[in-house]
Protein chains: 2
Amino acid sequence: MTAFRLFWADEGGLPADDRGVAYGDGLFETIRMAGQKGVLLSRHLERMVRDAQRLGINVTRKDLANVCLEATQRFGERFGEEGWILKLVLTRGSGGRGYRPDPGMEPHLLVAGSPLPPMPDNSGVVVDFSKVPLSVNPLLAGIKSLNRMEQVLAAAELGPSLFEVVMADRDGNLVEGTRANLLLRQGGSWVTPPASSLAVAGVLRQWVLERLRQRGEPVVERPVTVEDVLGPDCQGLFLMNSVLGIVPVRTIAGHDLPVDTGLATIFNPLETLE
Amino acid sequence: MTAFRLFWADEGGLPADDRGVAYGDGLFETIRMAGQKGVLLSRHLERMVRDAQRLGINVTRKDLANVCLEATQRFGERFGEEGWILKLVLTRGSGGRGYRPDPGMEPHLLVAGSPLPPMPDNSGVVVDFSKVPLSVNPLLAGIKSLNRMEQVLAAAELGPSLFEVVMADRDGNLVEGTRANLLLRQGGSWVTPPASSLAVAGVLRQWVLERLRQRGEPVVERPVTVEDVLGPDCQGLFLMNSVLGIVPVRTIAGHDLPVDTGLATIFNPLETLE
């Protein structure tokens, strides 16, 4: 018996009184799959279990892993050889009195499969600074919750020639893209905003930081400013996202950046399938 | 033809790819009904239309009003004489590329009826300060969006003997309860946090401020501190919510406040039915 109620997206949606619909009371994972395996799959599942706990939603990794296996059987063939996207939406379930959750509610898990999105090539992407500020509540920092209105508003700025926008917090520090974390190369060091400041702490970000440290490279977690990115010491800016990989930025706000494709080679998504 | 796709909650939920479920990409209204009429109904519909526009979701007041009429026929008898709650959930619809919405998407409207919640009596309620800070993005200030994770976390602090908690922003200013706006009586003036600082700008708040000003009473919109509430000049603290009415606070964080029930008499929900 699983400890959640399971909904397959190809059979219908969540119930009308689901708290994910009502309040965004839940979280999600978007996992790049190939065959029966997923890119950084255990990190995705561990993040969902850990962040669900922070929100008071109980789910076990084992139950999630079983659903992923079922999902590969259900969706794997449909999307063919090149891979596909598995999306897990975990909500607190139905019920409660208004915002107030009841203790011991049965969570809902909505499972969907979709084709891979178009992938950027290695020559680097064009990005801009977003006009939408990011307000990160410390209690929700890093959690991939269903409260993503800010990312939606910022993503409305994107277009065919604008791959991503970078959002800043109230103090003007650059935090992340709508769907990717940031990594800056500066003075021979790697710099990235600290996890406590992030709206979403990506699993690829954590993997890359660990890998760089294993290789003995200097990694600094500190606030990143516009001047860091546009200044003469910037040796490159990268977007990180476990579906897209490590994507170098070629131009930001009309300003050309050095493009180093070397970093992309340390992460080959297909080598992290598990 | 309505400009949205209509879903009755008693027939099922929203589709699995609805953006309200995925990102909280939408907004809602909770309206106290009696017979075929609603408390401050036009203000509720006007707020939904206006805030939807701020989010880039197009809906007309006329279409919403028609749905409300249908809803009274559908739910009105079921919940009897004492009244009931009409909930409208308006989402951007299905589709888009990840966070990025497509232009011209067809919104979804989910319509639900439920019984009235228990009402507090006039003797005043017990509240506390919440441990959950409120992070209000200026672009979303006042909007009753579906991104309500902060209110859910704060509401988890409520219990049988704790009616509401008051949330403060990052600077420590008191902003609002999980489901009610604040009004303070101090030195013969009415004081309330400014609309630009609010997570949700309630329709009753606006109605009360207008009514007080019409009566020539001094009304000040400025940040409210803990000292304002606990200090010797506090002549009373009130919660405002169009379902519950104007509710005096008897005790906050163990500190007794003067209870003035006079204000409650200026708002009789049943006299604002329309």
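Residues numbered from 1 in each chain as written. Chains lettered and ligands numbered in written order. Predicted model: local features only at pLDDT ≥ 70, side-chain atom pairs only at ≥ 80, totals over all residues.

## Section: the domain arrangement of chain A
Residues and elements named next belong to chain A. Which entries qualify depends on this criterion: Note: domain ranges come from an automatic or database domain assignment. We call two residues in contact when the distance between their C-beta atoms, placed using the backbone, is within 7 Å. Going along the chain from the N terminus, every DSSP run of H or I of four or more residues is numbered as a helix, and every run of E of two or more is numbered as a strand. Residues are grouped as follows: Ala, Val, Leu, Ile, Met, Phe, Trp, Tyr, Cys and Pro are nonpolar; Asp, Glu, Lys and Arg are charged; every other residue, Gly included, is polar.
In terms of domain boundaries, chain A breaks down into domain 1 (5-115) and domain 2 (125-267). A separation of 25 Å is found between the C-alpha centroids of domain 1 and domain 2. Contact residues are listed per partner, giving 16 residues for domain 1 and 11 residues for domain 2. Of all the secondary-structure elements, those providing two or more residues to the side of domain 1 that touches domain 2 are β2 (26-34) and α2 (41-54). For the side of domain 1 that touches domain 2, the leading source of residues is β2, giving six residues. Taken together, the residues that form the side of domain 1 that touches domain 2 break down as five nonpolar, five polar and six charged.

## A word on the interface of chain A and chain B
Contact residues are listed per partner, giving 42 residues for chain A and 42 residues for chain B. Counting residues per element, the ones that place at least two in the side of chain A that touches chain B are α1 (19-23), β5 (108-115) and α4 (149-155) of chain A. Per-element accounting of the side of chain A that touches chain B gives the leading share, six residues, to α4 of chain A. Of the residues in the side of chain A that touches chain B, the class split is 24 nonpolar, 12 polar and six charged.

## Considering the pairing of strand β8 (residues 174-177) of chain B
Residue and element names in this part refer to chain B. To keep it simple, the criterion reads: Two strands make a pair as long as DSSP finds a minimum of two bridges between them.
Sheet topology places strand β7 (residues 164-168) next to β8; three bridges connect them, and they run antiparallel. Bridge pairing in β8 links Val166 to Gly177. The hairpin turn running from β7 into β8, its antiparallel successor, is five residues long, and Gly172 in that turn takes a positive phi close to 90 degrees.

## Considering the relation of the copies chain A and chain B
We count it as follows: Least-squares superposition aligns the copies on the C-alpha atoms of those residues with pLDDT at or above 70 in both.
Overlaying chain A with chain B gives an RMSD of 0.0 Å, the required rotation being 180 degrees about an axis along which the chain moves by 0.0 Å. Considering both components of the superposition, the chain copies are consistent with a two-fold axis. Most of the interface of chain A is mirrored in chain B: 100% of its interface residues are interface residues there too.

## With respect to unusual backbone geometry
Selection rule: Residue burial here comes from a neighbour count, namely the number of other C-beta atoms, placed from the backbone, that lie within 10 Å of the residue's own C-beta, with 20 or more meaning buried, 12 or fewer meaning exposed, and in between meaning partly exposed.
In this structure, Ala253 of chain A is a non-glycine residue whose phi angle is positive, near 50 degrees. Residue placement: Ala253 of chain A occurs in the loop between β13 (245-252) and β14 (255-256). In this structure Ala253 of chain A comes out as partly exposed when scored by C-beta crowding, with 13 C-beta atoms within 10 Å. The backbone phi angle of Leu40 of chain B is positive, close to 50 degrees, even though this residue is not glycine. Tracing the backbone through its elements, the reader meets Leu40 of chain B in the loop between β3 (37-38) and α2 (41-54).

## Overview of the packing of α2 of chain A against helix α3 (residues 61-75) of chain A
For any two helices packed against each other, one specifies the inter-axial angle together with the distance between the axes. All names here are of chain A. Put simply, the rule reads: All axes are obtained by fitting lines to C-alpha atoms, using only the stretch in contact for helices, and the reported angles, taken between N-to-C directions, cover 0 to 180 degrees. Our angle categories are set so that under 35 degrees counts as roughly parallel, over 145 as roughly antiparallel, 65 to 115 as roughly perpendicular, and the remainder as oblique. Crossing chirality is assigned from the near helix's rotation relative to the far helix, an anticlockwise turn below a right angle marking it left-handed and a clockwise turn marking it right-handed.
Running from N to C, α2 and α3 cross one another at 130 degrees; their axes reach a closest spacing of 9 Å. Here α2 is positioned oblique relative to α3, judged by the angle of their axes. In the packing of α2 onto α3, the handedness of the crossing is right-handed. Contacts between α2 and α3 involve Leu41, Leu45, Glu46, Met48 and Val49 from the first element and Arg61, Leu64, Ala65 and Cys68 from the second. Split into classes, the residues belonging to the contact of α2 with α3 amount to seven nonpolar, no polar and two charged.

## Let's talk about α2 of chain A
Residues and elements named next belong to chain A. The condition is simple: To estimate the expected span of a helix, count its residues, drop one, and scale the result by 1.5 Å.
When the terminal C-alpha atoms of α2 are compared, their 20 Å separation across 14 residues agrees well with the 20 Å that a helix rising 1.5 Å per residue should span. Among all positions of α2, only Leu41, Arg43, His44, Leu45, Arg47, Met48, Asp51 and Ala52 are buried. In this fold, the buried residues of α2 make contact with β2, β3 (37-38), α3, β4 (84-91) and α5 (203-214). Phi turns positive one or two residues past the end of α2, at Gly56, with a value near 80 degrees.

## Comments concerning the confidence of the model for chain A
The test is simple: In predicted models, pLDDT denotes the confidence assigned by the predictor to each residue on a 0 to 100 scale.
In the predicted model, chain A carries a mean pLDDT of 94, and 99% of its residues have values of at least 70. In the model output, the complex is listed with pTM 0.96 alongside ipTM 0.95.

## As for the sheet that holds β3 of chain A
All names here are of chain A. Strand order across the open sheet formed by five strands is β1-β5-β4-β2-β3, with mixed pairing between neighbours. Here the strands that pair on one side only, and so sit at the sheet edges, are β1 (5-8) and β3. Lying on the sheet, α2 is in contact with β2, β3 and β4; it crosses β2 at an angle near 175 degrees.

## Structural notes on the environment of Arg97 of chain B
All names here are of chain B. Mapped onto the secondary structure, Arg97 falls in the loop between β4 (84-91) and β5 (108-115). The exposure class assigned to Arg97 is exposed, which follows from the 11 C-beta atoms found within 10 Å. For the pair formed by Arg97 and Asn181, sequence separation is 84 residues and the distance between their alpha carbons is 36 Å.

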